[in-house]
Amino acid sequence: MKAFIRKQGFLIDFTLSSLMRRKGKNIGLLIVYGLIVFLLASVMLFSHALRKEAGLVLQGAPEIVLQRMVAGRHALIPADYLDAIESIRGVAGTEGRLWGYFYDPAVGANYTVMVTPDYELSGNEVVIGAGISRIRGVAEGDFFSLRSDKGKTYVFKVKSLLDSESELVSTDLVLISEKAFRVLTGIPEGRLTDIILKVRNPREVQKVAEKLVARLPDTRPILREEILRTYDSIFAWRQGIVFVLLLGALLAFVIFAWDKASGLSAEEKREIGILKAVGWETGDVLRMKFWEGAIISFSAFTLGYLAAYLHVFYSSAVLFEPVLKGWSVLYPQFDLVPFVDGLQLATLFFFTVFPYTVATIIPIWQASITDPDAIMR
Amino acid sequence: MRIELSNIEKIFNRGRHNEFRAIRDVSMEIAPNRITCLKGASGSGKTTLLSMIGCLSRPTSGRILLGERMISGLPERFLTDIRRHTFGFVFQRFNLIQGLTVLDNIMIPAYPLGLDHGELKRSAKLLLKQFGLERVSNNPVQWLSGGEAQRVAICRALINDPGVLLADEPTANLDLKNSREFMELIGNLSESGKTILMTSHDPLVYESPVVDEVVEMHDGQIMVK
Amino acid sequence: MLFNPPVIALIMVSVVVTLMLLAAAGLAVQILMYWDIGSGSERQLILERRTYLVSTLLTWVFASELISLMLFIYNAESMSGQFVGAMCATGVLNVNAWGWPALFLKLIIFFSGAVWLAINHLDNQGFDFPLVKVKYLLLLIILPLVMVEAFVQLQYFLGLKPNLITSCCGSLFSSEAEGVVGNVSSLLPSTALLLFYGAGLLMMLSGTWFLWRKSGGWVFSSLSVGAFIASLAGMISYVALYVYEHPHHHCPFCVLKPGHDYAGYALYLPLFAATALALATGAVSRWKHVPSLSAVVESNAPRLAWLSMMLYALFFSVATFFVLRSSLVMAPFW
């Protein structure tokens, strides 16, 4: 056992010096390899972080959102439905909501305008998200205008900005008083956009939803669990698409690795010949080459992963935000919460180290079976 | 250690149009603790014979006995194992690994044995001292002169303390002075108990007084004296 | 099909691994046909050198299979958010009929791989390659296994539709459930306890016997398979309850979650390694009578058995530790 470990030590030692003697070739390989890891790891870390962020946001969301449907379209819901719902067993609380979208032609962005009881807002006050503040260049105390459905412009005073902790969802938000909202949109008293329900026991959510549909046949309940599931699969799917697109790059990398491993220079061939002649066995050369692959893979993996980590969590993934996020002009800027997990590492391993290794097995074997007496001829 | 060859044949590309019989029915014995020289023109098969004796390749047929052990027919893996402990090689073109230091080059044959690093380094340094190479021990091998390079190659051959030293055309790349020095070294090694087998077509070698026995080869066969 | 990176990776690996094994099997057939250890011919030399390629290919195949087993479970765990009714890996494996078979095939391949690598390692130490026929025949048996696994896994992933409603560990591993799993879960804790420690004890005894008398390696191997199954059953019916501190939570996967201190790793890693080593012990000790191997078997087999027993002991200590540490009191349920 001791001899075995010492032997590996010698082999690693020799491998390192052999890698150093061919800096140019190996640095080239390391850069390409690292780049592949960087790309894939960035995609994974980024979309996973987004998914997690969305999950965190939805944690605070209500268990059920109830919408009214008219001719298959989302319509305003009468406020008196609230009474019918409260009597359903298992419902811990209800709340009618008023909200909608506003298109701002000046900046070409959509705002989400919402009435909330959390802020005590007078008729001419608003609270806005960080994205709007950036794009419109307004800060606390400044004035902010919105056009009503009748074409009249109303000016509001910005009471405060929303904090950027969960900027992903709050970036385009405008919070407003109920009175102002009804004036702006023309939604009459007694009507609401939708109704949210709190259900204490998660096992009863499904049951409550069934009762809602039975009692109020013109409504549609949307469950938080369902949204979470959809989010989960949409993010996984997007990530999958990007990976498939990157498969081309991966294939190019595999060919590159194969070429590097099989195109040994005359110098390298001579070296392996010498090793075999002075008493190295085929297995020793294989092991030496294994260590070489391990060292290169480990370095490329670490460098690529580290770079991806910095890229995603410290530069907010500047390179491909537009691909994976962008559904709005109002771009959220946020620091994702860093994390690492086994699923990702194992997946990345199979997308990078595994193809590299498979591509090099045969070239390495071919090099290792050099005739021991080759250098005598 | 006594080495005995009987009816050795080596055929390359057997059964193909370029079939080539490099060694034909060779039987011989190499006496322990002596210096034997295989003499012959290039292409006479002496290097092929040397490589089979040194377990670098296998005969197509015939038997090779190393002491009591039959080594012909063993798989490569085991030939290598025997070779590491029994034979040291000095090649015609020295075959040192460029870019490594003298010391590293000498230790390479010992790596697969998994020895203690400190001990290995000590015995390598001892060898270098013995051959007057102390002051170049940390130089890269490409800085060495021809004579020095060969002495480094000899040190490398001796690092695992083999009983038999094999040398293939050892003086082909040396000038007269270095060739003489080499023969002197060989004589000393023989006196210290090593068995030595060389191939050469250099009269300086096979006519040297230190050589105990000269075997002449021609066309893959041994010439009868 | 669900289109996410781990799934793509798993499918890709199963295809590549199958191709690698096919290549190795091709070489193996050639070796089986033309092998002639006594010959000094060039063909024999080429065949001998190809054995290195086969060994390298297979080492990587089995290493990849091991990582793919882990990825398979991680992935099932992470997809649990995408299916109605799934709370952990159990639910995701239950989505269609191919999930569990895929997992079991992966387990079987892992253990066959361990046995093959042990035999290969042993064979390489005999100067006349005495087990060449055995190991390459074994390789030809493993090949279809890997192909079936690739197929079953593909079917499983193709059948993963997000709108499917599945049942999770709460219903599968409950005393009311039908079939084998239900039976295992509904084992009385006292019976399970007896089975769990009893099988372990038997296996330890046979191991001690093997170390002492240098015979009965295969008994040790077979008993270790029994102990492995009993251990898994014990995990489900008994140990899991204490880890979760919940009298009805029987899941074998939730223990891997961070919420349970990664207890699963401390339990499964030694258990799997110990079983693989025990199987290797049997596979190696079987060849004691081969002259060129007897010395190697003499020194290697006891080492394998010893290591295996140490890991089993570790597994049982960790399991016992979790039971003792737990604040769950099962007495009312016995």
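Rules used in this analysis
Going along each chain's sequence as written, the residues are numbered from 1 onward. All chains are assigned letters beginning with A, and all ligands numbers beginning with 1, in the order in which they are written. Selection of residues for local features in this predicted model requires a pLDDT of at least 70, selection of side-chain atom pairs for listing and counting requires 80 or more, and totals for whole chains, interfaces and linings are taken over all residues. Helix and strand definitions here come from DSSP, where helices need a minimum of 4 consecutive H or I residues and strands a minimum of 2 consecutive E residues; each element is numbered from the N-terminal end. Three classes are used. A residue is buried when 20 or more other C-beta atoms lie within 10 Å of its own, exposed when 12 or fewer do, and partly exposed in between, with C-beta atoms placed from the backbone. Two residues qualify as a contact pair if the distance between their C-beta atoms, derived from the backbone, is within 7 Å. Each domain's limits were defined by an automated method or a database of domain assignments. Note that Gly is not counted as nonpolar here; it falls among the polar residues with everything else outside the nonpolar set of Ala, Val, Leu, Ile, Met, Phe, Trp, Tyr, Cys and Pro and the charged set of Asp, Glu, Lys and Arg. Strands are treated as partners if at least two bridges between them are detected by DSSP. The convention used is that axes are lines fitted to C-alpha atoms, helices contributing only their stretch in contact, and that angles between N-to-C directions extend from 0 to 180 degrees. Orientation labels follow simple angle bins: below 35 degrees gives roughly parallel, above 145 gives roughly antiparallel, 65 to 115 gives roughly perpendicular, and whatever is left gives oblique. A clockwise turn of the near helix away from the far one marks a right-handed crossing, whereas an anticlockwise turn of less than a right angle marks a left-handed crossing. Among buried residues, those of type Ala, Val, Leu, Ile, Met, Phe, Trp, Tyr and Cys that are joined through C-beta atoms within 7 Å form a set called a nonpolar core. A helix is expected to span 1.5 Å multiplied by its residue count minus one. Here the arc refers to the set of directions running from the helix axis out to each C-beta atom.

## Examining the overall build of chain C
Scanning chain C from terminus to terminus reveals eleven helices and zero strands. Listing the helices and strands of chain C from first to last along the sequence gives α-α-α-α-α-α-α-α-α-α-α. The buried share of chain C, reckoned over its 334 residues, is 47%. In chain C, 73% of the contacts between residues at least 6 apart in sequence involve partners at least 24 apart.

## Concerning the domain arrangement of chain C
Accessible area lost upon the coming together of the parts is a frequently used measure of interface size. Residues and elements named next belong to chain C. The assigned domain composition of chain C is domain 1 (1–167) and domain 2 (170–334). With 19 residues of domain 1 at the interface, the matching set in domain 2 holds 18 residues. For the side of domain 1 that touches domain 2, the secondary-structure elements that each account for two or more residues are helix 2 (42–78), helix 3 (89–93) and helix 4 (99–123). The element contributing the most residues to the side of domain 1 that touches domain 2 is helix 4, with six residues. For the side of domain 1 that touches domain 2, the residue count by class is twelve nonpolar, five polar and two charged.

## Observations regarding unusual backbone geometry
All names here are of chain B. The backbone of Asn95 shows a phi angle near 55 degrees, a positive value even though the residue is not glycine. As for its placement among the helices and strands, Asn95 is situated in the loop between strand 6 (87–90) and helix 3 (102–107). Assessed through the 20 C-beta atoms surrounding it within 10 Å, Asn95 is described here as buried. One non-glycine residue, Asp219, lies in positive phi territory at about 55 degrees. Examined against the element boundaries, Asp219 turns out to sit in the loop between strand 9 (213–218) and strand 10 (221–222).

## Details of the sheet that holds strand 1 (residues 3–12) of chain B
Residues and elements named next belong to chain B. Read from one edge of the open sheet, four strands run 2-1-4-5, paired in antiparallel fashion. Only two strands of the sheet have a single partner each, and these edge strands are strand 2 (20–30) and strand 5 (69–70). Note: strand 4 (residues 61–66) against strand 5, two bridges, orientation antiparallel. Looking at the pairing, Leu65 lines up with Met70 of strand 5.

## Observations concerning the interface of chain B and chain C
Taken together, the contact between chain B and chain C spans twelve residues of the former and nine residues of the latter. Per-element tally for the side of chain B that touches chain C: the top contributor is helix 2 (residues 76–86) of chain B, with three residues. Class assignment for the residues of the side of chain B that touches chain C results in four nonpolar, four polar and four charged.

## Here's the deal with the sheet that holds strand 6 (residues 109–115) of chain A
Residue and element names in this part refer to chain A. Taken in spatial order, the six strands make up an open sheet running 5-6-10-7-9-8, and their pairing is mixed. Since the sheet does not close on itself, it has two edges, and those belong to strand 5 (99–104) and strand 8 (143–147), each with one partner. On average, each strand axis in the sheet is tilted by 40 degrees relative to the strand beside it, whichever way the strands run. Where strand 6 lies against strand 10 (residues 173–176), four bridges are found, and the strand directions are parallel. The residue of strand 10 that forms the bridge with Thr112 is Leu173. Contacting strand 5, strand 6, strand 8, strand 9 (153–161) and strand 10, helix 6 (residues 178–185) runs over the sheet at an angle of about 135 degrees to strand 6.

## Here we look at the interface of chain C and chain A
On the side of chain A, 27 residues touch chain C, which itself brings 27 residues to the contact. Of all elements in the fold, only helix 1 (5–34) and helix 2 of chain C reach the threshold of two or more residues within the side of chain C that touches chain A. With 13 residues, helix 2 of chain C is the single largest residue contributor to the side of chain C that touches chain A. For the side of chain C that touches chain A, the per-class residue count stands at 19 nonpolar, seven polar and one charged.

## Topic: the pairing of strand 3 (residues 35–39) of chain B
All names here are of chain B. The buried fraction of strand 3 amounts to four of the five residues, a majority that puts the element mostly inside the structure. The sheet contact formed by strand 3 and strand 8 (residues 195–200) spans five bridges and is parallel. Its bridge partner being in strand 8, Cys37 is matched across the sheet by Met198. Bridging between strand 3 and strand 9 involves four bridges; their strand directions are parallel. Counterpart to Leu38 in the pairing with strand 9 is Val215.

## What about the packing of helix 9 (residues 217–244) of chain C against helix 10 (residues 263–285) of chain C?
Residues and elements named next belong to chain C. As a packed pair, helix 9 and helix 10 sit with axes 7 Å apart at the nearest point and diverge in direction by 170 degrees. Taken as axis vectors, helix 9 and helix 10 run roughly antiparallel relative to one another. When helix 9 is examined against helix 10, the residues Gly217, Trp218, Phe220, Ser221, Ser224, Phe228, Ser231, Met235 and Val243 are found in contact with a partner set consisting of Ala263, Leu267, Leu271, Thr275, Ala278, Leu279, Thr281, Gly282 and Ser285. Of the residues in the contact of helix 9 with helix 10, the class split is ten nonpolar, eight polar and no charged.

## A look at the packing of helix 4 of chain C against helix 5 (residues 132–158) of chain C
Residues and elements named next belong to chain C. Interaxial distance between helix 4 and helix 5 falls to 9 Å at its minimum, and their mutual angle equals 160 degrees. By the criterion of interaxial angle, the relationship of helix 4 to helix 5 is roughly antiparallel. The two elements helix 4 and helix 5 meet at a crossing, and its hand is left-handed. Looking at the contact of helix 4 with helix 5 residue by residue, the classes come out as 17 nonpolar, four polar and four charged.

## Comments concerning the nonpolar core
With 225 residues, the main nonpolar core has Val37 of chain A together with Val152 of chain B as its most contacted residues. Excluding residues that lie within four positions of it along the chain, Val37 of chain A makes contacts with Ala300, Phe301, Gly304, Tyr305, Leu348 and Thr352 of chain A.

## Considerations on helix 4 (residues 117–130) of chain B
Residues and elements named next belong to chain B. In this model, helix 4 (14 residues) spans 20 Å end to end at C-alpha, consistent with the 20 Å of a helix rising 1.5 Å per residue. Looking only at helix 4, the buried set comprises Leu120, Ala124, Leu127 and Leu128. One side of helix 4 holds all its buried residues, which, seen down the axis, span an arc of 100 degrees. Exposed and facing more than 90 degrees away from the buried side of helix 4 are Gly118, Glu119, Arg122, Leu126 and Lys129. Each element contacted by the buried residues of helix 4 is listed here: helix 3 and helix 5 (146–158). Of the residues trailing helix 4, Gly132 is marked for its positive phi of about 65 degrees.

## Considering the pairing of strand 5 of chain A
Residue and element names in this part refer to chain A. Pairing geometry for strand 5 and strand 6, over six bridges, is antiparallel. By the bridge assignment, Tyr103 is partnered in strand 6 with Asn110. Linking strand 5 back to strand 6 in an antiparallel pair, the connection comprises four residues, with Gly108 at a positive phi of about 70 degrees.

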